[in-house]
Amino acid sequence: MNINNPTANQDTHFFGDVCKNFDFAAQFTQHDAGLLDQIKSCNSVYRFRFPIRRGNGFEVIDAWRVEHSHHQSPTKGGIRYSEMVNEDEVMALAALMTYKCAIVNVPFGGAKGGIKINPKSYSVSELENITRRYTVELIKKNFIGPSIDVPAPDYGSGEREMSWIADTYATMNPGQLDAMGAVTGKPIALHGIAGRREATGRGVAIAIRECVGVAEDMQKIGLTTGLSGKKIIVQGLGNVGYYSAKFLSEFGALIVGLCEFEGAIYNEDGLDVEAVFQHRKSSGSILGYAGAKKEFKNTMDGLEQPCDILVPAALENQITSQNVGSIKAKIIAEGANGPTSPEAEAAFYKNGGMIIPDMYANAGGVTVSYFEWLKNLSHVAFGRINRRFEENSNLNLVNMVEGITGTALTPMQRSTIIKGASELELVNSGLEDTMIRSYHEIREIYKNNPKIGTLRNAAMVGAINKIAVSYQNLGVWP
Ligand code: NAD
C-alpha cells in the first residue's frame with residue numbers, strides 16, 4: 001500500500017478523511033508545502049503477523065503499530081483490539097493522535113496500534129499470549145519504550161492488557177529503571193495513576209460543558225446556555241461512553257438515550273446511567289431495562305431520538321450522509337474517534353448544528369496518560385512529597401486567622417481549607433485546566449476566521465501551527 005497517498009487505495013477512507021481535513025485546514029496556515037507534507041505523512045508503519053497456539057494447532061494474528069509523527073518523543077497512542085482493524089484505520093488513528101497531542105499541549109508524537117481479533121472470541125490466557133507476543137514484536141523492532149513509543153488502551157483493551165504489556169516490557173528489559181513508563185493506562189497497583197480510567201469520559205463531559213457555556217454560540221444554534229437539563233444521547237457504554245454519561249449526569253444534564261450494539265433505550269425524563277450499566281452487566285443487554293420508555297432493536301434508531309446533544313462514543317463512521325438528516329441533536333460531541341463522516345459534518349453544520357471534534361473532545365485520555373508517564377519517570381505519586389507540608393501550612397494559616405478574627409471555623413470548614421490535594425484531585429484539576437484552555441484556544445481560531453467553518457478545522461489549524469514550529473526548531477539532519 002502507498003502509505004502516504006491514501007486516495008490511491010480503494011479500501012482506504014478514514015486516513016484519507018483525516019488528510020482531507022488536514023489539507024483544508026492547511027490553507028489557513030503559512031507553511032511551505034514540503035513541511036506540510038512531512039507533518040501529514042505517517043512516518044513509520046509496521047505491519048506484522050505472529051502465531052499463537054489455539055486448540056491443537058496454530059492461528060496467525062494480524063497486527064500493526066503506526067508511528068505517525070516524531071516531531072516529539074516518545075510517540076503515543078492506544079492499541080485497538082477489533083476484528084475490524086485495518087492498516088488505514090490504524091494510520092488514521094495515529095494521525096489523529098498527533099493532532100490531538102498538539103491541541104492539548106501534550107509533548108508526544110502520535111501513534112496507534114491494532115490487533116485484528118474479536119477479544120470476546122478468545123480465552124483470557126489466549127488474550128494474554130496475544131498481548132505478550134504483540135509486545136515482543138514491538139520490542140524486536142524498537143517500537144516500544146518510555147522514550148520511544150508508549151501504548152495505551154483503546155477500543156477492546158483496558159488495564160488488564162496494559163498490565164501484560166508492562167510486565168512483558170519490564171521482563172525483556174531487566175534493570176531498566178523507567179520500564180513502567182513504556183505503557184500507560186495501567187492499574188493503580190501497577191504504577192498507574194488515579195483518574196486515568198475515567199479521564200477520557202470526564203474530558204468529554206468538560207468539553208461539552210465548555211461548549212454549551214458560550215452564550216453567543218448557543219444562541220446561534222438555538223440552545224440555552226449551560227448544561228443543566230440538556231438532553232443527551234450517548235452511543236457506547238464502554239470506557240468512554242459510560243464515564244461521559246456518568247459525568248454529564250453529575251454536571252446536571254439528563255441522559256435520555258443510551259445505545260449499545262445490541263439495541264438502544266430512551267426516556268425523555270432521563271435514564272439512571274449506573275442502573276442501566278448494572279442491568280446490562282447482569283442481563284448481558286441494554287434492552288429490558290425497566291426505566292426505559294422506548295426500546296430499539298436497531299441501535300442506530302437510538303441516535304435519531306429527540307435530544308440536544310449526541311455523544312457517539314463507540315466506533316468511527318456512525319453518522320454519515322445516510323442518517324445525518326435524521327439526527328435531532330444540535331451538538332455532536334465526538335467521544336469516539338472519527339464517528340462523523342466529512343459529508344455528514346458538512347450537512348450537520350448546514351442544518352445549524354455544531355460538532356466538538358474527536359481530536360479535542362476525547363483528548364482527556366492522553367492528557368492523563370501523560371501525567372501517568374510523568375509519574376512513572378519520577379517514581380513518585382503526585383502530592384506524596386508536599387501534601388503533609390501543605391496541610392501544615394494551611395493549618396497554621398487557619399489558626400492565625402481564627403486567632404486574629406476571634407471567630408472559630410466549623411470542623412467541616414477547617415478540614416476543607418486545611419486538606420492537601422490527593423493524586424486524584426491533582427490529576428482531575430490538570431485535566432480540567434487542559435480541556436478548558438484547549439477549548440477556548442480552538443474557539444478563538446474558529447471565531448477569528450469565519451471561512452474556517454468548523455471547530456474541527458480550527459483545531460487542526462492550531463495543531464498544524466504547533467507541529468510546524470517543532471519541526472522548524474528541530475531542523476533536518478543530515
Ligand atoms: P470500549 O471497548 O471500552 O467500549 C466501546 C463500547 O462500544 C462497547 O461497550 C461496545 O459494546 C460498544 N459498541 C460497539 N459497537 C457499537 C455499536 N454499533 N453501537 C453502539 N455501541 C457499540 O472502547 P472505548 O475505550 O470506550 O473506546 C470507544 C471509542 O473512543 C473509540 O473510538 C476509541 O478510539 C475512542 N477513544 C478511547 C479512549 C480511551 O481512553 N479508552 C481515548 C480516546 C478515544
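Everything that follows concerns the structure shown earlier in this document.
Residues numbered from 1 in each chain as written. Predicted model: local features only at pLDDT ≥ 70, side-chain atom pairs only at ≥ 80, totals over all residues. Heavy atoms only, no water.

## Observations concerning the site of the ligand
Neighbouring residues of the ligand: 23 residues in total, closest Arg80, Asp154, Thr200, Glu260 and Asn337. Measuring from an oxygen atom of the ligand, one finds a backbone N or O atom of Ala314 at 3.5 Å. Expressed as a share of its isolated accessible area of 830 Å², the protein-covered part of the ligand is 87%. Secondary-structure elements contributing two or more residues to the shell around the ligand are α6 (196-212), α8 (239-250) and β7 (254-260). Looking at side-chain class alone, the shell around the ligand contains 8 nonpolar, 10 polar and 5 charged residues. (Near = heavy atom within 4 Å. Polar contact = N/O pair within 3.5 Å; in protein donor to acceptor, adjacent residues only side chain to side chain. Areas by Shrake-Rupley, 256 points an atom, 1.4 Å probe, with all protein chains shown as cover. Helix = DSSP H or I, 4+ residues; strand = E, 2+ residues; numbered from the N terminus. Nonpolar A, V, L, I, M, F, W, Y, C, P; charged D, E, K, R; others polar.)

## Side note on empty space enclosed by the protein
Which parts of space are left empty comes out when a probe the size of a water molecule is rolled across the atoms. Evaluation of the coordinates by the stated rule reveals 1 cavity of 30 Å³ or more. Lining of the largest cavity is provided by Ile103, Ser438, Glu441, Ile442, Ile445, Ala458, Ala459, Gly462, Ala463 and Lys466. Of all the secondary structure elements, the ones that give two or more residues to the lining of the largest cavity are α16 (423-448) and α17 (455-474). Residue classes in the lining of the largest cavity are distributed as 6 nonpolar, 2 polar and 2 charged. (1 Å grid on protein atoms, 1.4 Å probe; cavity = no way out; pocket = protein on both sides within 12 Å on 5 of 7 lines; lining within 4 Å. Points joined across faces, edges and corners; volume = space filled by probe spheres on them.)

## Notes on the nonpolar core
Most often, soluble globular proteins have nonpolar side chains that are buried together. Formed by 113 residues in total, the largest nonpolar core has its most connected members in Tyr99, Ile208, Leu258, Val311 and Ile331. Residue contributions to this core peak at 12 residues, all from helix α3 (residues 87-103). Discounting chain neighbours no more than four positions away, the residues touching Tyr99 are Val18, Phe22, Ile39, Lys40, His68, Met359, Met460, Ala463 and Ile467. (Core = buried A, V, L, I, M, F, W, Y, C linked by side-chain atoms within 4.5 Å. Buried < 20%, exposed > 50% of the residue type's maximum accessible area, 1.4 Å probe, protein only. Contact = heavy atoms within 4.5 Å.)

## Digging into unusual backbone geometry
That bond from Ser73 to Pro74 is cis: its omega, -5 degrees, falls within 30 degrees of zero. Among the secondary structure elements, Pro74 is positioned in the loop between β2 (57-67) and β3 (75-81). The omega torsion of the bond from Trp477 to Pro478 falls at 0 degrees, within 30 degrees of zero and hence cis. Of note in the backbone geometry, Asn105 takes a positive phi value of approximately 55 degrees without being a glycine. Assignment of secondary structure puts Asn105 in the loop between α3 and β4 (109-115). Given the relative accessible area of 48%, Asn105 is considered partly exposed. A positive phi angle, near 65 degrees, is found at His191, a position not held by glycine.

## Concerning the side chain of His71
Within the secondary structure, His71 is located in the loop between β2 and β3. Reaching out from His71, the side chain makes a polar contact with the side chain of Ser69 at a distance of 2.7 Å. Not counting residues within four places of it along the chain, the set of residues in contact with His71 comprises Thr98, Phe108, Gly109, Ile467, Ser470, Tyr471 and Leu474.

## So, the sheet that holds β3
Pairing is mixed across the open sheet formed by 5 strands, whose spatial order is β1-β2-β4-β3-β5. In this open sheet, the two edge strands, each paired with only one partner strand, are β1 (44-54) and β5 (149-153). Going from strand to strand, the sheet's axes swing by 25 degrees on average, the running direction of each strand aside. Bridging between β1 and β2 involves 11 bridges; their strand directions are antiparallel. Bridged to Val45 within β2 is Val66. (Pairing = 2+ DSSP bridges. Axes fitted to C-alpha atoms, helices over the stretch in contact; angles between N-to-C directions.)

## A few points about the pairing of β7
Counting buried positions over the 7 residues of β7 gives 6, a clear majority of the element. Across 5 bridges, the pairing between strand β6 (residues 231-235) and β7 is parallel. Along β7, the bridge assignment pairs Ile232 with Ile255. The β-α-β motif built from β6, the intervening α8 and the parallel element β7 has right-handed crossover chirality. (Right-handed = clockwise from strand over helix to strand, strands pointing away.)

## Topic: the packing of helix α1 (residues 14-26) against helix α2 (residues 33-40)
Closest axis-to-axis distance for the α1/α2 pair is 11 Å, and the angle between their directions is 150 degrees. Taken together, α1 and α2 sit at an angle that is classed as roughly antiparallel. In this structure, α1 meets α2 at a crossing whose hand is right-handed. Of the residues in α2, those touching α1 at Phe15, Cys19, Phe22, Asp23 and Ala26 are Leu36, Ile39 and Lys40. For the contact of α1 with α2, the class distribution of residues is 6 nonpolar, no polar and 2 charged. (Parallel < 35°, antiparallel > 145°, perpendicular 65-115°, else oblique. Left-handed = near helix turned anticlockwise from the far one by under 90°.)

## Description of the sheet that holds strand β8 (residues 263-266)
Strand order in this open sheet of 7 strands is β9-β8-β7-β6-β10-β11-β12, and the pairing throughout is mixed. The outermost strands of the open sheet, each flanked by one partner alone, are β9 (294-296) and β12 (354-356). Taken pair by pair, the neighbouring strands of this sheet meet at an average axis angle of 15 degrees, ignoring direction. Pairing geometry for strand β10 (residues 309-312) and strand β11 (residues 331-333), over 2 bridges, is parallel. What sits directly across from Ile309, in β11, is Ile331. The strands touched by helix α11 (residues 342-350) are β11 and β12; relative to β12, the strand with the most contacts, the crossing angle is about 130 degrees.

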